[in-house]
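# Analysis of the macromolecular model
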Amino acid sequence: MDHALLKNLNETLNEEKWTRATLSNYSTSQFKELDDILKAARAEKIIDELKKNCDEHLSHTRNSIIALYLSGMIALSRQIIDDAAIVNLVSIFLDNHKWGIVKYLCERILDHGESKFALRTLVDCYKNDNEEEKTFEVLERLVKVDFEEAEITKSLAEHYEKQGNKEKAIDFYKKSMHRYINKSNFSNVKEIWEKLLVINVEDIDFFLHIQKKIAKTISEDKAVILLNELYVKYKNLDTDIAINILKIALEYDGKDMQCRREIIDCYRKKYASHSQLEEYIRISNLSQNYRDVHQAIAGFEKHIAFDKGNYVYHRTWGVGRIAKIKGDDIQIDFSKKRGHSMSLKMAVGALATLSKDHIWVLKATKKKEELRLMIKDKEENIIWALKTVIKSFGNACDMKRIKAELSPALLSSGEWATWNSKARDILKSNPDFGLSADNSDVFTVRDRPIEVAEKIYNEFTAQKNFYDKVSSIRDYVNNKKAGADSEYFLEMLSYFTSILRSKQNPEQMAASYLLINEIASNKNYSHFKSELKISFEEVFSNIKNVTTLFKNLKDLRLKTEFLSNIKQYINEWPDIYTKLFPYSQLPIITEKLEEGGYKDKLSAMCIDCFENLRENREAAVWLYKNSRETDWFKAAKLGTEKLLISLVRVLDITYRDIENNKDTVENRKINKLVHNILFKDGEVKSFLDRANEDAIIRIFTFINDVKDLDPQDKLNLRSKILDKHPNFKFFDEAETKVSRGLIVTHAMFDVKKKQLAHIMEVEVPANSKDIEYALSLGDLRENAEYKAAKEKQDQLNSQVAKLKGEIERAQIFDPKSIGTITKAGFGTKVTMRNETAGKQEEFTILGPWESDPNNNIISYLSPIGSAILNKTEGEKFDFVMDNGEKVSYLVEKIQAAI
């Protein structure tokens, strides 16, 4: 031990060991001196050696006060899970009733974040000193970090209730109820439920939320008991809420006759003025035990909506208003069919009932411009429109449905884009809107504003995908209005801690560990570090295939943290990094390997990526674009020509995979990047400018063989080669081009591209509007406008498919490629003697796009064009006409046509 500080520490430890100093010699000032040692060790960067020495000393002197304190404090500063040293130290002084030192040690522990052990011990200290106010302050801190503690939480609620602090009392009663539910302690749950019914009965959302948890965690029977108590409170307060409570109770127990009788009483109270109330109760068999209660309720609510003045909808006649009801006969005024009569039974089956505020009713009863002004621009207008449409469809609506109602009927496509953006912001932030519990894409309107915590929690529970849940809990942590001690947050967190405990899914287990670590890095959530009961080494040991797991980690932040933890805790991290790089080119991989001096591994990684392009295409492109100038990349000695050929191969591979619909989005992204590097950034041109003829031939051959590459790129490349090397000889393409598909002139290629663009950008959108308009007219079976629009859509789709196919196959003809003309081919004019008819004929050979037989321009794909191809001057051949007549030709002259 050469360092003076460590040497002095070692001597002090040995003195303590041999003199066995008594506890009475210790005071807080001595611990402050030890803090100075820690500060000096950090400054001199010997903190690791200091901890090692202390731990070694503790191995044979387990109650060394100095070693326990120093080792424990270092562990706390590093947030190491094992806190045995500091716990042992506090226990020694606690057993000897050294309350002042115990208090000091607990406060030192809490300097590094909340600790259940330190807080509980501090409570004992304050109780010993009869400091009630401080005791309750610490108890509040304790229940925020000890999520299972129910008794203390309940005692805090009772304490604040006695003090008259109703808000705090309610908050702690709610927390304690959640915790008792988790413990399945129904008697305590019932006691607190009844207490809250007295002091917070108006918070119906809480009661309805908590009953679900009781039904799921304890039993549905217990939930019904509490719902009946809730119903008694609301029976005379709010009939609609009372009915909803009874419906929930009947969902749990459909045979509960008392509930059934109560719901009939509520309906009688709610619809007391309805002219057909008793008749509809009779028709729906609501009071008859043999009828399924849910069907009876649905039948009654369907019937009760039929009353004079109410609105209905028929799929052919549209919106109508009930003019009168007499017995079993209903008379309805539709806009184009006034005074229409039908039986009640037929009406119930054929008509949908609408509220007077339904969007369809508003469309039918208001002028279009008036309604447009009601929904446009201002935030309050957008909020009104959202509430109106969502409530119109059972208070559950996604943006597709909202758009279908508003655009193009009331908002143009351009107006919708702006409106939609504002609407989504409102739906996310406004407390009047919530999410469906079953589908995170479906929005609801709240009867009462929702708290931020509950809104995010509802979004979390509606998410089905693990990584969407990760995103939701992050939103919660980053939202300043959401509290770390909320039971909603604890329920979200428990989803990830349960995955961590189960060890069933290595990918989600690793992601959960990393996420909790990330959450705990936020100072307001630092105490959640204690939820990590295992180390990263244990998590990593549970992973069977690191590469597969890394590929499946869908979250970039978690991926980065995964790599950071591997470097920190796994000895073989350099090999793991090089193995993972092809699957995600995060800069941390190359940066850390470079910092660690692993340049040989980086060079080997480069070579592997370029030698296995099919598997490592994205990694190879990333390395070329981002690391080409590094020493380790140059050390791989790949050479410029090989690198460019590799990129051309990637271009070809991605084109083929796109054609086969394999990872299309990813391959398009790589393809575009490589194309830009080669052609837009001028890498190929730069290389060809300084390359010899053999290298030019090799590069051009590889590029020319990429069949899906834009013909214009090949044409431009050919021109650049000829500009630099005017006498450069290409292979005879007059023959080879014909065999590869559709040869076209540059002019016609541009014409076809413009034609396709016009269809896609003008005709298709216009047709979509026609279809939307036709849909808004109603019944599709007798809708001529809809049928005509769909036929036009089929026609356009056929045109687009044909044009796209031809453009993809097109090879632009380069007049410079003809050179000395020796054979008939594309772009040539051929003069022939028709020996059968004794006359001269002249043909210009182009492609099917340019073909114009009336002007003797023929396609090389036509029968006569194919027969002429590759013929030479002086050559004779026979051709059989369509009518079977055989004609003999003599080729007299071949010349360039363009």
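Above this text is the structure in question.
What you see is a predicted model; the values in this text were computed from it and never measured. Each chain has its residues counted from 1, following the order in which its sequence is written. Only residues with pLDDT of at least 70 are given local features in this predicted model, and only at 80 or more are side-chain atom pairs given and counted; all residues enter the totals for whole chains, interfaces and linings. Values shown for side chains rest on all heavy atoms present in the structure; no hydrogens or waters enter the calculation.

## Brief notes about the sheet that holds strand β4 (residues 337-343)
- Ordered in space as β4-β3-β2-β1-β5, the 5 strands form an open sheet in which the pairing is antiparallel. Edge strands, defined here as strands with exactly one partner in the open sheet, are β4 and β5 (352-354). In this sheet, neighbouring strand axes are inclined to one another by 40° on average, regardless of whether the strands run parallel or antiparallel.
- Where strand β2 (residues 318-326) meets strand β3 (residues 329-334), 6 bridges bridge the pair, whose relative direction is antiparallel. Residue pairing for β3: K326 is matched across the bridge by D329. Two strands qualify as a pair provided DSSP detects at least 2 bridges between them. By the criteria applied, helices consist of DSSP H or I runs no shorter than four residues and strands consist of E runs no shorter than two, each listed in order from the N terminus. To get an axis, a line is fitted to the C-alpha atoms, and for a helix only the part in contact is used. The angle between two axes follows their N-to-C directions and goes from 0 to 180 degrees.

## Section: the nonpolar core
- Buried Ala, Val, Leu, Ile, Met, Phe, Trp, Tyr and Cys residues that are joined via side-chain atoms within 4.5 Å together make up what is termed a nonpolar core. Between buried and exposed lies partly exposed: a residue is buried under 20% and exposed over 50% of the maximum accessible area for its type, with that area taken using a 1.4 Å probe on protein chains only. Judged by nonpolar contacts, the single largest core of 117 residues is most densely connected at F31, L50, Y69, F93, L230 and F306.
- The element that contributes the greatest number of residues to this core is helix α4 (residues 65-77), accounting for 9 residues.
- Pairs of residues are marked as contacts when any of their non-hydrogen atoms sit within 4.5 Å. Beyond its immediate stretch of four places on either side in the chain, F93 contacts L23, Y26, F31, I65, K98, I101, V102 and L105.
- Listed in part, the 98 residues of the second largest apolar core include I456, V477, I576 and W632.

## Section: the pattern of salt bridges
- Here, a salt bridge means any Lys or Arg side-chain nitrogen found within 4 Å of an Asp or Glu carboxyl oxygen. Scanning the model with the defined rule gives 53 salt bridges in all.
- The shortest N-O distance in the salt bridge between K168 and E140 comes to 2.9 Å. Of the two residues, K168 sits in helix α10 (residues 166-182) while E140 sits in helix α8 (residues 132-145), which places them 28 residues apart along the sequence.
- Between E229 and K190 there is a salt bridge; the shortest N-O distance is 3.2 Å. Residue E229 is located in helix α13 (residues 220-234), and its partner K190 is located in helix α11 (residues 186-199); the two are separated by 39 residues in the primary sequence.

## Considerations on the packing of helix α14 (residues 239-252) against helix α17 (residues 293-304)
- Taken N-terminus to C-terminus, the directions of α14 and α17 make an angle of 150°; their axes are 10 Å apart at the nearest point. Here α14 is positioned roughly antiparallel relative to α17, judged by the angle of their axes. Here K247, L250 and E251 of α14 lie close against α17, whose contacting residues are V293, H294, I297 and E301.
- Just so you know the grouping, Ala, Val, Leu, Ile, Met, Phe, Trp, Tyr, Cys and Pro go in nonpolar, Asp, Glu, Lys and Arg go in charged, and all remaining residues, Gly too, go in polar. Looking at the contact of α14 with α17 residue by residue, the class counts come to 3 nonpolar, 1 polar and 3 charged. Here roughly perpendicular refers to angles of 65 to 115 degrees, roughly parallel to angles under 35, roughly antiparallel to angles over 145, and oblique to all remaining angles.

## Some thoughts on the sheet that holds strand β10 (residues 828-834)
- The 5 strands lie next to each other as β12-β11-β10-β14-β13, forming an open sheet whose pairing is mixed. In the strand order of this sheet, the two ends are held by β12 (857-859) and β13 (876-880), each with one partner. Recorded for the sheet is a direction-independent mean angle of 45° between the axes of neighbouring strands.
- Note: β10 against strand β14 (residues 886-896), 7 bridges, orientation antiparallel. Residue pairing for β14: T828 is matched across the bridge by A896.

## Some points on helix α31 (residues 573-580)
- Counting buried residues in α31 gives 6 out of 8 residues, a clear majority hidden from the surface.
- What α31 keeps buried is the set W573, P574, I576, Y577, T578 and L580.
- Turning to α31, the residues buried within the fold contact α28 (536-541), α29 (546-552), α30 (556-569), α32 (587-595) and α33 (599-611).

## Looking at unusual backbone geometry
- For the bond from S407 to P408, the omega torsion is 10°, close enough to zero to count as cis.
- Within the secondary structure layout, P408 lies in the loop between α22 (399-406) and α23 (413-429).
- At K503, a position not held by glycine, the phi torsion is positive, near 60°.
- Of note in this structure, N856 is not a glycine but carries a positive phi near 60°.
- In this fold, N856 is placed in the loop between β11 (839-846) and β12.

## Observations concerning the packing of aromatic side chains
- For Phe, Tyr and Trp, rings pair up if their centres lie within 6.5 Å, where Trp contributes its six-membered ring, and each pair is then called stacked (planes under 30 degrees apart), edge-to-face (over 60) or tilted (otherwise). By the definition in use, this model includes 40 aromatic pairs.
- Geometrically, the ring pair formed by F460 and F496 is edge-to-face, given 6.0 Å between the ring centres and 70° between the ring planes. Here F460, found in helix α24 (residues 452-462), pairs with F496, found in helix α26 (residues 487-502); they are 36 residues apart in sequence, far enough to count as distant. Comparing F460 with F496, the two get one shared label, buried.
- Relative to F528, the ring of F489 has its centre 5.0 Å away and its plane inclined at 65°; by these criteria the two rings are edge-to-face.

## As for the side chain of D35
- On the secondary structure map, D35 appears in helix α2 (residues 28-43).
- Once residues within four sequence positions are removed from consideration, D35 is found in contact with Y69, Y104 and R108.

## Re helix α7 (residues 116-128)
- An ideal rise of 1.5 Å per residue puts 18 Å on 13 residues; α7 measures up with 18 Å between its terminal C-alpha atoms.
- Of all the residues in α7, the buried ones are A118, L119, T121, L122, V123, C125 and Y126.
- Once α7 ends, the next one or two residues include N130, with phi positive near 60°. Helix span, as expected, comes to 1.5 Å for every residue beyond the first.

## Examining the pairing of β10
- Most of β10 is tucked away, with 5 of its 7 residues classed as buried.
- Across 7 bridges, β10 lies against β11 in antiparallel orientation. Of the residues in β11, the one forming a bridge with N834 is K839.
- The hairpin formed by β10 and β11 contains 4 residues between the paired strands, and G838 there has a positive phi angle of roughly 70°.

## What about the pairing of strand β1 (residues 311-314)?
- In terms of strand pairing, β1 meets β2 through 4 bridges, oriented antiparallel. Bridge pairing in β2 links Y313 to V319.
- A loop of 3 residues connects β1 with β2, the two strands running antiparallel in sequence.
- The pairing of β1 with β5 spans 3 bridges and is antiparallel. Along β5, the bridge assignment pairs Y311 with L354.

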